[in-house]
Each structure stands twice: as structure tokens, then as C-alpha cells.
Amino acid sequence: MNRISEFLIGLLFGLGLILSGMTDPGKVQGFLDLAGVWDPSLAFVMGGAIAVGFFAYALARRRTTAVLGGAMHLPKATHIDRRLVLGSLTFGAGWGLAGFCPGPGVVSMAAGEPKALVFVLAMLAGMAVFELAERLGRPAAPATR
């Protein structure tokens, strides 16, 4: 039953991305172009998402299990560090250049958009490079006897 619920929630999320215009790179880039011909329509999408997220997070903080019964895992970090800032800058630059972020990119790829396929492949390559760098940069765990 959980897989069906997960599928339906993902489908609803994907439909919301399509209806809101988040899967249209031109619309996204128009929203990000504050100095040019700015398209403010996605600000309403962002405002709605922030409002839903604010109340959902407040409710989730009072729960010990997720709605579907799994364990509740909420972020615990409260500080802004170099990794967060660099990751945010990288995400924003990629979003502005491509007009896609991960969710809309996957939805657009599934809809057959060739540019989205290139974006998703580049995103997966970036994730693989990050994982490799993390593994190489981490000291090996001491052997246990």
C-alpha cells in the first residue's frame, strides 16, 4: 500500500510542477531574470510552496512517525557553513543556466524533453563525482577485530 501512496504523491507532485510552469525552462529563466523582462508568476508558486512547507514542517516536528508509518527523519543542522553556501550557489547557477532543478528536470525528461535528458544526465554525473570526492576525502574507518 505504501508504494501506491508514494506513486500517487509523486504523480500529484509532477502534475503540480507541470501546471505551475516549473517544467518550462523559459518561464523559470524569466522568473530569475530580475534585470530583464521579469516574469513574477512563479513567485506565487514559491509562496504557496513555502506556506505549505511551513505548516507541514510544524506538524512534522510534533510527530514521531511519518503519515505512512515510517520513521520521521528531520534535519538537525542549524548552522550555515561553507558546504551549504557552495552547494546553494552551485544549485542556483545550474537552475539559472539550465532552467531546471531536479524535480522539474525529471518530470520534463519523462515527458520526452531532450534538454531535460541532458540536464538529468549531467545532474547524475555531478552526484557521482560528489560521492567519489566524499569517499576519497574521508579517512578510512579503522579496522575492527
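Since the model is a prediction, treat every value here as computed from it, not as a measurement. The numbers attached to residues start from 1 for each chain and follow its sequence in the written order. The predicted origin of the model limits local features to residues at a pLDDT of at least 70 and limits the giving and counting of side-chain atom pairs to 80 or more, whereas totals for whole chains, interfaces and linings rest on all residues. Hydrogens are left out, water is left out, and the side-chain values use all remaining heavy atoms of the structure.

A short note on the packing of helix α5 (residues 102–110) against helix α6 (residues 114–137)
Applied cut-off: Interaxial angle, 0 to 180 degrees, is taken between N-to-C directions of lines fitted to C-alpha atoms, where a helix line uses only the stretch in contact. Only runs of H or I of at least four residues qualify as helices and only runs of E of at least two qualify as strands under DSSP, and these elements are numbered from the N terminus. Put simply, angles under 35 degrees are roughly parallel, angles over 145 are roughly antiparallel, angles from 65 to 115 are roughly perpendicular, and the rest are oblique. Handedness of a crossing follows from how the near helix is turned relative to the far one, being left-handed for an anticlockwise turn of less than a right angle and right-handed for a clockwise one. Two residues qualify as a contact provided that any one of their heavy atoms is within 4.5 Å of a heavy atom in the partner residue. For this classification, the nonpolar set comprises Ala, Val, Leu, Ile, Met, Phe, Trp, Tyr, Cys and Pro, the charged set comprises Asp, Glu, Lys and Arg, and every other residue, Gly included, is treated as polar.
Interaxial distance between α5 and α6 falls to 8 Å at its minimum, and their mutual angle equals 130°. Taken together, the axes of α5 and α6 lie oblique to each other. Helix-helix and strand crossings are classified by hand; for α5 and α6 the assignment is left-handed. Mapping the contact onto sequence places Pro 102, Gly 105, Val 106, Ser 108 and Met 109 in α5 and Ala 116, Leu 117, Phe 119, Val 120 and Met 123 in α6. Across the contact of α5 with α6, the residue classes break down as 8 nonpolar, 2 polar and no charged.

Focus on the environment of Gly 30
Put simply, the rule is: Type-normalised accessible area, obtained with a 1.4 Å probe on protein chains alone, sets the label of each residue: buried when under 20%, exposed when over 50%, and partly exposed for intermediate values.
Looking at where Gly 30 falls in the secondary structure, it is placed in helix α2 (residues 25–32). By relative accessible area, Gly 30 is classed as buried at 14%. If sequence neighbours within four positions are ignored, Gly 30 has contacts with Val 37, Trp 38 and Asp 39.

Points about the nonpolar core
Within soluble globular proteins, side chains that are nonpolar tend to cluster in buried spots. The condition that has to hold: Nine residue types can take part in a nonpolar core, namely buried Ala, Val, Leu, Ile, Met, Phe, Trp, Tyr and Cys, and a core is a set of them joined through side-chain atoms within 4.5 Å.
One finds Leu 17, Met 22, Val 28, Phe 31, Leu 42, Trp 95, Cys 101 and Val 107 forming the largest nonpolar core, which totals 8 residues. Among residues more than four places away in sequence, those in contact with Met 22 are Leu 17, Val 28, Leu 42, Val 45, Trp 95, Gly 99, Cys 101 and Pro 104.

Section: the side chain of Thr 23
Within the fold, Thr 23 resides in the loop between α1 (2–20) and α2. Contacts of Thr 23, omitting those with residues within four sequence positions, involve Leu 17, Ile 18, Phe 100, Pro 104, Val 107 and Ser 108.

Things to note about the packing of aromatic side chains
To keep it simple, the criterion reads: Between the rings of Phe, Tyr and Trp (Trp by its six-membered ring), a pair exists once the centres lie within 6.5 Å; its type follows the angle of the planes, with under 30 degrees stacked, over 60 edge-to-face, and the other angles tilted.
Summed over all chains, the structure comprises 4 aromatic pairs. Considering the side-chain rings of Phe 91 and Trp 95, the 6.3 Å spacing of their centres and the 35° angle between planes classify their relative orientation as tilted. Taken together, the positions of Phe 91 and Trp 95, both in helix α4 (residues 82–98) and 4 residues apart, correspond to about one turn of that helix. By relative accessible area, Phe 91 is classed as partly exposed at 43%.

What to know about the environment of Trp 95
For Trp 95, a relative accessible area of 16% corresponds to the buried category. When neighbours within four sequence positions are excluded, Trp 95 is seen to be in contact with Met 22, Val 28, Leu 32, Phe 100 and Cys 101.

Some thoughts on the pattern of salt bridges
The cut-off we apply is this: Each reported salt bridge corresponds to a side-chain nitrogen of Lys or Arg within 4 Å of a carboxyl oxygen of Asp or Glu.
One pass over the structure, following the stated rule, counts 3 salt bridges. Here Arg 3 and Glu 6 are joined by a salt bridge, their closest N and O atoms 2.5 Å apart. Note that Arg 3 and Glu 6 are positioned in helix α1 at a spacing of 3 residues, about one turn of the helix.

So, the packing of α2 against α4
As a packed pair, α2 and α4 sit with axes 8 Å apart at the nearest point and diverge in direction by 120°. Taken as axis vectors, α2 and α4 run oblique relative to one another. Within the contact between the two elements, α2 uses Pro 25, Val 28, Gln 29 and Leu 32 and α4 uses Trp 95, Gly 96, Leu 97 and Ala 98.

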